[in-house]
Each structure stands twice: as C-alpha cells, then as structure tokens.
Amino acid sequence: MKYLIFSILLLALLMGCKTEPKTKKKPLSPHQTAMALVGDAHIHIDYSSPGVRGRTIFGELIPYGELWRAGANDATWLETNKDLLINQDTLRKGKYGVFIIPDRDIWIWVFNKNWNQHGTDDYKEADDVMRFDLPVNSLEKVQEHLEYQVKKLADDSGLVTAAWEKTKVEFLFKIVE
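A brief structural summary. A quick note: this is a predicted structure, and the numbers were derived from the prediction, not measured.

**Description of the overall build of the chain**
No. 1: Looking only at helices and strands, one finds one helix and ten strands in the chain.
No. 2: Its helices and strands in sequence order give the chain the pattern α-β-β-β-β-β-β-β-β-β-β, from N to C terminus.
No. 3: Counting only residues that meet the buried cut, the chain has 38% of its 177 residues in that class.
No. 4: When contacts within the chain are restricted to residue pairs at least 6 apart in sequence, long-range pairs at least 24 apart make up 55% of them.
No. 5: Counting only carbon and sulfur atoms, one obtains 53% of the accessible surface of the chain, whose full area is about 10900 Å².

Here it is as structure tokens:
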C-alpha cells in the first residue's frame with residue numbers, strides 16, 4: 001500500500017513539474033529570398049535581412065565608401081539561369097556574390113565570382129565580374145528590415161530593388177537571348 005501511495009504521489013509530482021518547451025527566439029537578421037520568373041529566366045536573391053532597430057544604418061553602422069556584404073551574416077548572392085543585360089554589360093548566367101559600396105548619393109553595386117563566403121572575409125576585387133553605379137532614392141517611411149525584390153516588367157525584362165532604412169536603389173535588367 002505504501003508503494004502504491006508513493007507511486008501515485010511521485011506520478012502527480014512528475015506531471016505537475018513538466019517543463020514548458022523553450023520558445024525559439026526570432027533571429028535578428030532572418031534569412032530571406034527574393035525571386036521571379038522573367039520569361040524563362042529565373043532570378044533568385046538569397047540574403048539575411050537585418051533590422052534598423054533604432055540605429056542609423058548608412059554612414060554609421062555601415063560606413064560610406066566601404067564594401068558591405070549587402071545583408072547580414074553570409075554574403076548576399078544572386079543566381080540567374082540566363083544571361084542578363086545590366087547597364088549595357090552582360091552578367092553571364094551563374095551565381096554571384098552581391099556587394100555594395102554605399103555613399104550618400106550613389107551606391108556601387110558589385111557582382112563577384114565568390115558567392116559563398118561569410119561577410120566580406122574572402123572578398124577579392126579581382127573576382128568582380130561587374131560593377132555599376134546606382135542613384136540613391138530616399139524613402140518617406142523607414143524600411144525596418146532590408147528587403148530585396150525582383151519584379152517582372154515584361155517577358156524579357158525586370159527590376160531589382162534593395163530597400164533599407166530610408167534608402168532604396170534599383171536597377172533594370174533585360175534577358176539576353
């Protein structure tokens with residue numbers, strides 16, 4: 001009888017002591033993707049999306065005139081299965097690291113052969129395949145998290161945008177047949 005009472009008490013105690021599962025904390029820079037089909041071209045951007053969180057981003061957290069990985073954590077990358085015409089230059093189909101050199105009025109957008117790297121740790125300018133300038137557009141409202149978009153404009157053309165804090169840049173591309 002003692003064992004039965006002890007067993008019931010022990011079972012009741014164990015049931016009352018069950019632990020709540022730990023809630024998974026939302027990452028500060030969640031993984032995101034942006035993609036679109038433009039004609040038969042698939043354009044895919046993969047990045048980590050940092051938040052503003054009350055900080056001044058461009059010119060402070062990300063200094064003007066310095067290479068930035070265009071996101072957080074690992075370098076941002078873009079992949080295309082078709083050649084793209086951007087600013088009269090051809091970006092060959094493939095996968096590329098995306099880097100940006102921000103400034104107040106102009107950002108330099110960089111496509112680099114080395115897409116698989118953490119931050120800018122293994123960046124080499126010699127591996128750049130394309131660089132071009134983009135005018136900076138101001139946003140009226142703060143864009144809390146970095147956001148890339150790929151938009152189809154026609155069967156053979158599209159638009160890539162990057163927006164964060166109060167800044168937005170964009171460029172047109174055309175599918176090369």
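So, next bit.
**Observations regarding the sheet that holds strand 4 (residues 84-86)**
No. 1: Read across the open sheet, the four strands follow the order 5-4-10-9; overall the sheet is antiparallel. Because the sheet does not close on itself, it has two edges, and the strands there are strand 5 (89-91) and strand 9 (137-154). Neighbour to neighbour, the strand axes of the sheet diverge by 35° on average, direction disregarded.
No. 2: For strand 4 and strand 5, the ladder comprises three bridges, and the chain directions are antiparallel.

**A look at the pairing of strand 3 (residues 76-80)**
No. 1: Burial analysis of strand 3 places four of its five residues in the buried class, the great majority of the element.
No. 2: Here strand 2 (residues 41-48) pairs with strand 3 via four bridges, running antiparallel. Across the sheet, residue I45 finds its bridge partner in strand 3, namely L78.
No. 3: Pairing analysis gives five bridges linking strand 3 to strand 6 (residues 94-101), with the strands arranged antiparallel. Bridge pairing in strand 6 links T80 to G94.

**Details of the pattern of salt bridges**
No. 1: Applying the stated criterion across every chain, the model contains seven salt bridges.
No. 2: With a shortest N-O distance of 2.9 Å, D83 and R92 are connected by a salt bridge.
No. 3: Between K152 and D155 there is a salt bridge, with its nearest N and O atoms 3.1 Å apart.
No. 4: Judged by its relative accessible area of 57%, D155 is exposed.

**Quick look at the environment of H145**
No. 1: Its location among the elements puts H145 in strand 9.
No. 2: Taking the C-alpha atoms as reference points, H145 and P50, separated by 95 residues in sequence, lie 5.6 Å from one another.
No. 3: Beyond its immediate sequence surroundings of up to four residues, H145 is in contact with L28, P30, S49, P50, G51, A163 and W164.
No. 4: Within the structure, H145 has its side chain in polar contact with the backbone oxygen of S49 (distance 2.8 Å).

The rules we used
Residues numbered from 1 in each chain as written. Predicted model: local features only at pLDDT ≥ 70, side-chain atom pairs only at ≥ 80, totals over all residues. Heavy atoms only, no water. Helix = DSSP H or I, 4+ residues; strand = E, 2+ residues; numbered from the N terminus. Buried < 20%, exposed > 50% of the residue type's maximum accessible area, 1.4 Å probe, protein only. Contact = heavy atoms within 4.5 Å. Areas by Shrake-Rupley, 256 points an atom, 1.4 Å probe, with all protein chains shown as cover. Pairing = 2+ DSSP bridges. Axes fitted to C-alpha atoms, helices over the stretch in contact; angles between N-to-C directions. Salt bridge = Lys/Arg side-chain N within 4 Å of Asp/Glu carboxyl O. Polar contact = N/O pair within 3.5 Å; in protein donor to acceptor, adjacent residues only side chain to side chain.

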